[in-house]
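# Observations on chain architecture
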Amino acid sequence: MPVLARTLEAAGLSTILVTMMPFWAERVGVPRTLAVEFPFAQTLGQPHNRGQQMSVIQSALQVLEETDQPGIICHSPEEWPQPKDQAIKAWQPAEPSPIIREMAPQIRTLLRQRRIKSRSVPGD
Amino acid sequence: MPVDSFKYLPRIIAAFYETSDCQPELPIPWTPLRRPLNESKFGLVTSGGLFHKGVEPPFDLKRERQEPTWGDPTFRTIPANISQGEIGVSHLHVNPEMAESDFNVLLPIQRFQELAAEGRIGSLAENAYSFMGYQGYPPDTTAWRETYAPQVAEKFKAEGVDCVLLTPS
């Protein structure tokens, strides 16, 4: 998505990206970003929660109005009104995506190696 | 407090993102606002895999299932007068139920119609556009950059759009 923001901006449109992944927006380099600490699949808020959706959108419009140089990421103070475990479960698909299923063994090995590395003391 | 990108990500998916290496290409593009927001026309774009049921096909998930390192780079057109029942969601990486229940969580057409009625923005474009965010692994956004996003930009500009709000899923 950051790539789409960059391409539309380069074509002469003023863009504002709302994302739960400011990490990725920073890596790609986005003109204007509002970061929200929300789960995936509900970027602007919960379904039918008009007030919450509008509050995020109003913040996004403010970032669009006030940002005067590219690459700025503003962080929304909005909190997600659902316990973390429940929110993580709610956004995920019923089955893992094909790529996650294919790469799971590789990623698990990587995570295991990292754990071993973080446990070892330098000089050991 | 800065937003934690990994708060709602299971560790296996967080590792997936962390292994995707990327450096920003500089300079970052920049188009200053042409006019105040209450005179600006807005376009909406999501990468949530939304499509207009019965009018356009869903994204090509069949090919993605057969070829997991590939993601459909095309886009779909969503007219601003669409009703909830006409919205489909095709995306294998997120639960589609939230947008199937209220598309405004990803494509805030009704919120922007309200903002236009209140005079906070000038107007909303006749059509919004939807992509499907998974662009393969490692991600390949060449088709987005070179073909499909420029087409959406042209469509917006032909409609006189000034500003675009983008929302991934």
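See the structure shown above.
Just so we're clear, the structure is a prediction, and the values are computed from it rather than from any experiment. (Residues numbered from 1 in each chain as written. Chains lettered and ligands numbered in written order. Predicted model: local features only at pLDDT ≥ 70, side-chain atom pairs only at ≥ 80, totals over all residues. Heavy atoms only, no water.)

### Structural notes on the interface of chain A and chain B
With 83 residues of chain A at the interface, the matching set in chain B holds 80 residues. Buried surface at the junction of chain A and chain B, both sides included, amounts to about 7200 Å², of which 69% is carbon and sulfur. For chain A, the biggest contributors to the area lost against chain B are Met 1, Arg 27 and Glu 37 of chain A; these three give 9% of the whole. We note a salt bridge from Glu 37 of chain A to Lys 7 of chain B, for which the minimum N-O separation is 3.6 Å. Summed over the shared surface of chain A and chain B, the number is 31 residue pairs in polar contact (both at pLDDT 80 or more). For the side of chain A that touches chain B, the element with the most residues is helix α5 (residues 98–119) of chain A, which contributes 12 residues. Here strand β1 (residues 14–19) of chain A runs beside strand β7 (residues 163–167) of chain B; their pairing, made up of four bridges, is parallel. Its bridge partner being in β7 of chain B, Thr 15 of chain A is matched across the sheet by Val 164 of chain B. (Contact = heavy atoms within 4.5 Å. Buried area = accessible area lost by both parts, 1.4 Å probe. Salt bridge = Lys/Arg side-chain N within 4 Å of Asp/Glu carboxyl O. Polar contact = N/O pair within 3.5 Å; in protein donor to acceptor, adjacent residues only side chain to side chain. Helix = DSSP H or I, 4+ residues; strand = E, 2+ residues; numbered from the N terminus. Pairing = 2+ DSSP bridges.)

### So, the packing of aromatic side chains
Under the criterion given, the structure shown has 10 aromatic pairs over all chains. Here Tyr 129 of chain B and Phe 156 of chain B contribute two aromatic rings whose centre-to-centre distance is 5.1 Å and whose plane-to-plane angle is 80°, an arrangement assigned as edge-to-face. One end of the pair, Tyr 129 of chain B, is in strand β6 (residues 127–130); the other, Phe 156 of chain B, is in helix α5 (residues 142–158), with 27 residues separating them in the sequence. Positioned over the ring face of Trp 30 of chain B is Arg 32 of chain A, at 4.1 Å from the centre of the ring. The residue whose ring lies beneath Arg 63 of chain B is Trp 70 of chain B, and the NZ or CZ to ring-centre distance is 3.9 Å. (Phe/Tyr/Trp six-rings, centres within 6.5 Å; stacked < 30°, edge-to-face > 60°. Lys NZ or Arg CZ within 6 Å of the ring centre and 35° of its normal.)

### Some thoughts on the pattern of salt bridges
With the rule as written, the count across this model stands at 11 salt bridges over all chains. For the salt bridge of Glu 95 of chain A with Arg 101 of chain A, the shortest nitrogen-to-oxygen distance reads 3.5 Å. In this structure, Asp 72 of chain B engages Arg 76 of chain B in a salt bridge whose closest nitrogen and oxygen atoms are separated by 3.8 Å. Put simply, Arg 50 of chain A together with Arg 111 and Glu 114 of chain B are held in one network by salt bridges that share partners.

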